[in-house]
Amino acid sequence: LTDFRVESQGDTSLPNLISFDFDPKTINTATSSQQLSFTAHLTDDLSGLGCDDNIFMCGVGQAYFRSPSGQQNAHISFSSRDLVSGNDLDGVYASKLTLPKYSEQGTWTLESFSIQDRVGNDKRLSRGEMAVLGFPTDFQVESEGDTSPPNLIGFDFDPKIINTATSSQQILFTA
C-alpha cells in the first residue's frame, strides 16, 4: 500500500494579522547600529501559531524590508518566544530589528509580511495590502550610508587537483 488516510478536523484557514507597528520610524546609523521595536497581533483559528518540535522552521511571522537602492535588505522575525500576551491562537508578539552602522540612507520599504500556522497555512501580504490595512510600510534611515559593495582583489586555491580515493583532502583557499 502507498496511500494513507488522515481523519481529523483539518486546519485549512489562513492565520490573520490584526495589527502591526514599529518604533521609531526614523533612525540614524551614522555612528552606531540602531534598533527598531516591532509588535504584531496575530491570530489563528485552529492549529495555532508557532511550531511543533518536529517542524524545522519555527517562525510565526516575518516582515521583509528593502533599502532605497535595493542592494540592502533586513527582516524581522516573530517566533513563539516573542509572545508577550495572549496565546498561540490570539497573541501579541514583540521583536527587534537591528540595522548596522552605515546602513543605506533613505526610505526603507516593506516588501512583504508573512504569517504561518503550525500546519503550514501561510498568509503573505504585499506592501500594498499592508498599506490598505493601515499598517506602516516604511522607515527612514539617516546616515552616510555605505552602498558600495566589497571588492574581490584576488582569489586562489591550492592544490588544483586532489585525490580522495583513500582519504579526505584539504584545499587552501585565499581571497
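Overview of the structure. Quick caveat: nothing in here was measured; it's all calculated off a predicted structure. (Residues numbered from 1 in each chain as written. Predicted model: local features only at pLDDT ≥ 70, side-chain atom pairs only at ≥ 80, totals over all residues. Heavy atoms only, no water.)

Moving on, we get to the packing of aromatic side chains. For the coordinates displayed, the defined rule picks out 13 aromatic pairs. Members of the aromatic cluster, connected to one another through ring pairs, are F20, F22, F38, F65, F78, W108, F113 and F139. K25 extends its terminal NZ or CZ atom over the ring of F22, reaching a point 4.7 Å from the ring centre. The positively charged end of K160 is found above the aromatic ring belonging to F157, 4.7 Å away from the centroid. (Phe/Tyr/Trp six-rings, centres within 6.5 Å; stacked < 30°, edge-to-face > 60°. Lys NZ or Arg CZ within 6 Å of the ring centre and 35° of its normal.)

Residue P24 is bonded to the preceding D23 through a cis peptide linkage, with omega at 0°. Along the chain, P24 turns up in the loop between β1 (16–23) and β2 (26–28). Phi angles above zero are rare outside glycine, and Y102 is one such case at about 70°. Tracing the backbone shows Y102 in the loop between β7 (90–99) and β8 (106–116). (Helix = DSSP H or I, 4+ residues; strand = E, 2+ residues; numbered from the N terminus.)

Residues G91, Y93, S95, L97 and L99 line the buried face of β7, whereas the alternating positions D90, V92, A94, K96 and T98 sit on a face that is not buried. Pairing of strand β6 (residues 83–87) with β7 involves four bridges; the strand directions are antiparallel. Bridge pairing in β7 places S85 opposite V92. Linking β6 to β7, which pair antiparallel, is a turn of two residues. (Buried < 20%, exposed > 50% of the residue type's maximum accessible area, 1.4 Å probe, protein only. Pairing = 2+ DSSP bridges.)

With that settled, consider the nonpolar core. Most often, soluble globular proteins have nonpolar side chains that are buried together. Within the largest apolar cluster, 27 residues are counted, with the highest numbers of intra-cluster contacts made by L17, F20, F38, L42, L99 and F113. Residue contacts for L99: discarding those within four places in its chain leaves I27, T29, S33, Q34, L36, A74, W108, F139 and V141. (Core = buried A, V, L, I, M, F, W, Y, C linked by side-chain atoms within 4.5 Å. Contact = heavy atoms within 4.5 Å.)

Here we come to the environment of L42. Mapped onto the secondary structure, L42 falls in strand β3 (residues 34–43). For the pair L42 and V60, spaced 18 residues apart in sequence, the C-alpha separation works out to 8.7 Å. Aside from chain neighbours lying at most four places away, what touches L42 is N16, L17, L49, V60, L89, D90, G91, Y93, F113 and I115.

The strands making up a sheet are joined through hydrogen bonds of the backbone, oriented either antiparallel or parallel. Ordered by their spatial adjacency, four strands build an open sheet running β1-β3-β7-β6, and the pairing between neighbours is antiparallel. Only two strands of the sheet have a single neighbouring strand rather than two, namely β1 and β6. Geometrically, the sheet is characterised by an average inter-axis angle of 20° between neighbouring strands, direction not taken into account. (Axes fitted to C-alpha atoms, helices over the stretch in contact; angles between N-to-C directions.)

This part takes up the pattern of salt bridges. Tallying each qualifying case throughout the model produces six salt bridges. A salt bridge links D138 to R127, with the shortest nitrogen-to-oxygen separation between them at 3.5 Å. Of this pair, D138 sits in strand β10 (residues 138–142) while R127 sits in helix α1 (residues 127–132), and the two are 11 residues apart along the sequence. On the basis of relative accessible area, D138 is assigned to the partly exposed category, the value being 29%. Between K160 and D156 there is a salt bridge whose closest N-O contact spans 2.6 Å. D156 gets classed as partly exposed once you look at its relative accessible area, which sits at 39%. (Salt bridge = Lys/Arg side-chain N within 4 Å of Asp/Glu carboxyl O.)

Its location among the elements puts N73 in strand β5 (residues 73–79). Linking N73 and S103, residues 30 residues apart in sequence, is a C-alpha distance of 9.6 Å. Sequence-distant contacts of N73, that is, excluding residues within four places in its chain, are made with F65, R66 and W108.

Geometry only, nothing functional implied.
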